[in-house]
Amino acid sequence: MKTKKSLTLALVGTMLLSGLLAGCGSNINTNANAPKETNNSAAAGNSAGNTSELKPYELKMYLIGGPQKDLDLVLKEVNKYTQEKINATLNVTMFDWGDYDKKMQVITASGEPYDIAFTSSWTNDFRRNAANGTFLGLNDLLDKYGKETKEVLDPRFLEGTKIKGEIYGVPVNKELGQQWVWRFNKKYVDKYKMDISNIRTLDDLEPLLKTIKENEPSDITPLAVPKGFKPFMPFDYVLGDELPIGVYMDSKDGKVVNILETPELATSLDTMHRLYTAGYLRPDVATLEGIDNIKTGKWFADREITQPYAEKGWSRSAGYEIVTSPMHEPYVYTQSAAGSMHAISVTSGDPERAMMFLNLLNTDKYLRNLLNYGIEGTHYKKISDNVIEDLPAMQDSYAMPGFTLGNMLLTYLHADDPADKWDAFKKFNDSSKEAPTFGFAFDPTPVKTEVAAINNVTKEFMPALYTGSVDPKTYLPKATKKFKEAGLDKVIAEVQKQLDEWNQTKK
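Sequence order sets the numbering: in each chain, residues are counted from 1 along the sequence as written. Where totals are concerned, whole chains, interfaces and linings use all residues; where local detail is concerned, this predicted model gives features only for residues with pLDDT of at least 70, and gives and counts side-chain atom pairs only at 80 or more. Heavy atoms from the whole structure form the basis of all side-chain values; hydrogens and water molecules are not counted.

Things to note about the overall build of the protein chain
The helix and strand labels rest on DSSP assignments: H or I over at least four residues marks a helix, E over at least two residues marks a strand, and numbering proceeds from the N terminus. Looking only at helices and strands, one finds 22 helices and 19 strands in the protein chain. Each residue's exposure class comes from its accessible area (1.4 Å probe, protein chains only) as a fraction of the maximum for that residue type: buried when under 20%, exposed when over 50%, partly exposed otherwise. Counting over 507 residues, the protein chain shows a buried share of 58%. Only heavy atoms enter the contact rule, under which two residues are in contact if any of them lie within 4.5 Å. The contacts of the protein chain with a sequence gap of at least 6 include a subset with a gap of at least 24, amounting to 80%.

Details of the confidence of the model for the protein chain
The quantity called pLDDT is the predictor's confidence in a given residue, expressed from 0 to 100. Confidence in the prediction for the protein chain averages 89 pLDDT; 89% of positions are at 70 or higher. Here residues 1-36 is a poorly scored stretch, pLDDT under 50, and it has 124 contacts once near neighbours within four places are set aside; other chains count. Counted against residues more than four places away or in other chains, residues 38-44, with its pLDDT under 50, gives 15 contacts.

Quick word on the sheet that holds strand 13 (residues 322-326)
For two strands to be treated as a pair, DSSP must find no fewer than two bridges joining them. Pairing within the open sheet is mixed, and its four strands lie in the order 8-12-7-13. Edge positions in the open sheet fall to strand 8 (221-223) and strand 13, since each of these has one partner strand only. Going across the sheet, the axis of each strand differs from the next one's by a mean of 30 degrees, ignoring polarity. Across two bridges, strand 8 lies against strand 12 (residues 299-305) in parallel orientation. Considered in strand 12, the bridge of Leu223 is made with Ala301. Every axis corresponds to a line fitted to the C-alpha atoms, with the helix fit spanning only the stretch in contact, and the corresponding angles, defined between N-to-C directions, vary from 0 to 180 degrees. With respect to the sheet, helix 14 (residues 310-318) is in contact with strand 7 (180-185), strand 12 and strand 13, its orientation differing from that of strand 13 by roughly 150 degrees.

Comments concerning helix 20 (residues 448-466)
In a regular helix each residue adds 1.5 Å, so 19 residues correspond to 27 Å; helix 20 covers 25 Å between its end C-alpha atoms and thus fits that length. Two axes are fitted around each residue, one to the seven residues ending there and one to the seven starting there, and the angle between them is reported as the bend at that residue. If you look at helix 20, its biggest bend is around 35 degrees, right at Glu460, and the proline Pro463 turns up within four residues after that. Elements in contact with the buried residues of helix 20: strand 10 (245-248), helix 12 (263-277), helix 21 (472-486) and helix 22 (488-506). Count one or two residues on from helix 20 and you reach Gly468, which has phi positive near 75 degrees. The span expected for a helix works out to 1.5 Å for each residue beyond the first.

Notes on the environment of Gly349
Topologically, Gly349 is positioned in the loop between strand 15 (341-344) and helix 16 (351-363). For the pair Gly349 and Leu59, spaced 290 residues apart in sequence, the C-alpha separation works out to 8.7 Å. In contact with Gly349, not counting residues within four places along its chain, are Tyr57 and Asp115.

Some remarks on the sheet that holds strand 10
If you walk across this open sheet you meet the three strands as 9-10-11, and the pairing is antiparallel. This sheet does not close on itself; its edge strands, each paired only once, are strand 9 (235-237) and strand 11 (257-258). The pairing of strand 10 with strand 11 spans two bridges and is classified as antiparallel. Residue pairing in the sheet places Gly246 in a bridge with Val257 of strand 11.

Quick look at the layout of surface pockets
Computed from the structure, the second largest pocket encloses a volume of approximately 310 Å³. Buriedness for pockets is judged along seven lines, at least five of which must meet protein on both sides within 12 Å for an open set on the 1 Å grid over protein atoms alone, while cavities are sets there where a 1.4 Å probe fits but cannot get out, and lining residues have an atom within 4 Å of a point. Around the second largest pocket, the lining comprises 16 residues; the ones closest to its centre are Asn173, Leu409, Trp422, Asp423 and Lys426. Counting residues per element, the lining of the second largest pocket draws most heavily on helix 19 (residues 421-431), at five residues. Throughout, the ten residues Ala, Val, Leu, Ile, Met, Phe, Trp, Tyr, Cys and Pro are labelled nonpolar, Asp, Glu, Lys and Arg are labelled charged, and all others, Gly among them, are labelled polar. Of the residues belonging to the lining of the second largest pocket, the class tally is eight nonpolar, four polar and four charged. Grid points are joined across faces, edges and corners, and a volume is the space filled by probe spheres set on the points.

What about the pattern of salt bridges?
The salt bridge definition used is simple: a Lys or Arg side-chain nitrogen within 4 Å of an Asp or Glu carboxyl oxygen. Counted under the stated rule, the structure contains 29 salt bridges. With its nearest N and O atoms 3.5 Å apart, the salt bridge here joins Lys473 to Asp270. Residue Lys473 is found in helix 21, and its partner Asp270 is found in helix 12; the two are separated by 203 residues along the sequence. Overall, Asp270 belongs to the partly exposed group, its relative accessible area being 32%. When the shortest N-O distance is used, the salt bridge between Lys433 and Glu329 registers 3.2 Å. Of this pair, Lys433 sits in strand 19 (residues 433-434) while Glu329 sits in the loop between strand 13 and strand 14 (331-332), placing them 104 residues apart in sequence. Assessed through its relative accessible area of 44%, Lys433 is described here as partly exposed. In the salt-bridge network here, residues are joined through shared partners; they are Arg316, Asp416, Asp417 and Lys421.

Focus: the pairing of strand 7
Taken across its six residues, strand 7 has six buried, putting it largely inside the fold. Both faces of strand 7 are covered, namely the face carrying Trp180, Trp182 and Phe184 and the face carrying Val181, Arg183 and Asn185. Two elements, strand 7 and strand 12, share five bridges in a ladder whose sense is antiparallel. Paired with Arg183 across the strands is Asp302, a residue of strand 12. When strand 7 meets strand 13, the two strands line up antiparallel, connected through five bridges. Within strand 13, the residue paired with Trp182 across the bridge is Ser325.

This is the structure in structure tokens:
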């Protein structure tokens, strides 16, 4: 459900889905093309006011993702446009996926001034940075300089960024709901004439894994997952699924439970241990940080968070067909609504200009695609007004993580994308139901020592348990004892107290 590492992988899948690869060309006057693309730019300019009265300003922005060779080349074109629109230029620094949290922590601790940073529910401790004053409250700025952005967003996106009524991030308009699916390497589905349409649970999946294990070479992994794998269970994880604290999805009373003591966990762990013992997972799964199954093709099934037409993006990236079966209906969690955002730093020299830029990024089609795909004729070519073909230079020099860059629904399609792709996203979002604690923001301050301690216990015990690498009959009681010694019951009591108070405010 609301997982950090798993969500990271899913979001990487999102950027692949958006067409990250592209290529080589030249000689394009992007400013000449700009008016054709800026269908919302006039509206975005309205929030900026009279930009001729604004002094020049350079916005310093931090983004997540691998450094790109052509970033400076693209920023030259970006800055021609933003100077015209809001008299500001953009200076972007990118930190790689594994380094982003650490680098941003150092920047925050040093007090270094900057304007905008990518943030999310799964990276750089968004809620702590918001609560401790690192990120600026945005209610007034959005009302004055981001009205058009608010108009295009499902209100639940903004709800997921709030702490005590204040918005602390400008969300990226993308999939709002979260839905886990089983993914399958279609080659084996076809080979064994498998019906995957109703595969929901581990028990449903087990006979298929058995077929692969008994008939395929030993280097084909039936269930290809890393140590971050967790069996799907019907809980809304109040503090993220790293910690065993949750509310049942069908809860009517908002009771917070210790998931370690639930029958759903016991059953899931027994099943996982059976699958592991049968050899359906890699022997080293409990210590496996990541897995290259998509690249190698030597796998049958895994699990991932989906979005409309995700199969097409995954298949495009893999070079072979991937198909899926949903585990459950889509739900909106506080963390899924906050899955990709931009925050404005309290150290910003011009927060108003920062919001003007974010408003453009989320409403101006030309700017959004320029930052995402690079320069027309250099990194991509157009097949039609809204359809592009990647050129080799994008893969080589400008493969940006699209989901981190603003409103996804403004981005161009690729030739193999369905024409209704973005309409499908809207329908998916509309159909997503709110989880029981959606909008609830837990303040860990009263139990921060205990939260840190139970996090350490999670790292020690849960990868082995969740992946089936140990016998839960002996290992789960040990883990439960350690969690209680670390203060789990105290944390649950505090969560319940705050959740009850929050529920009272909704009545």
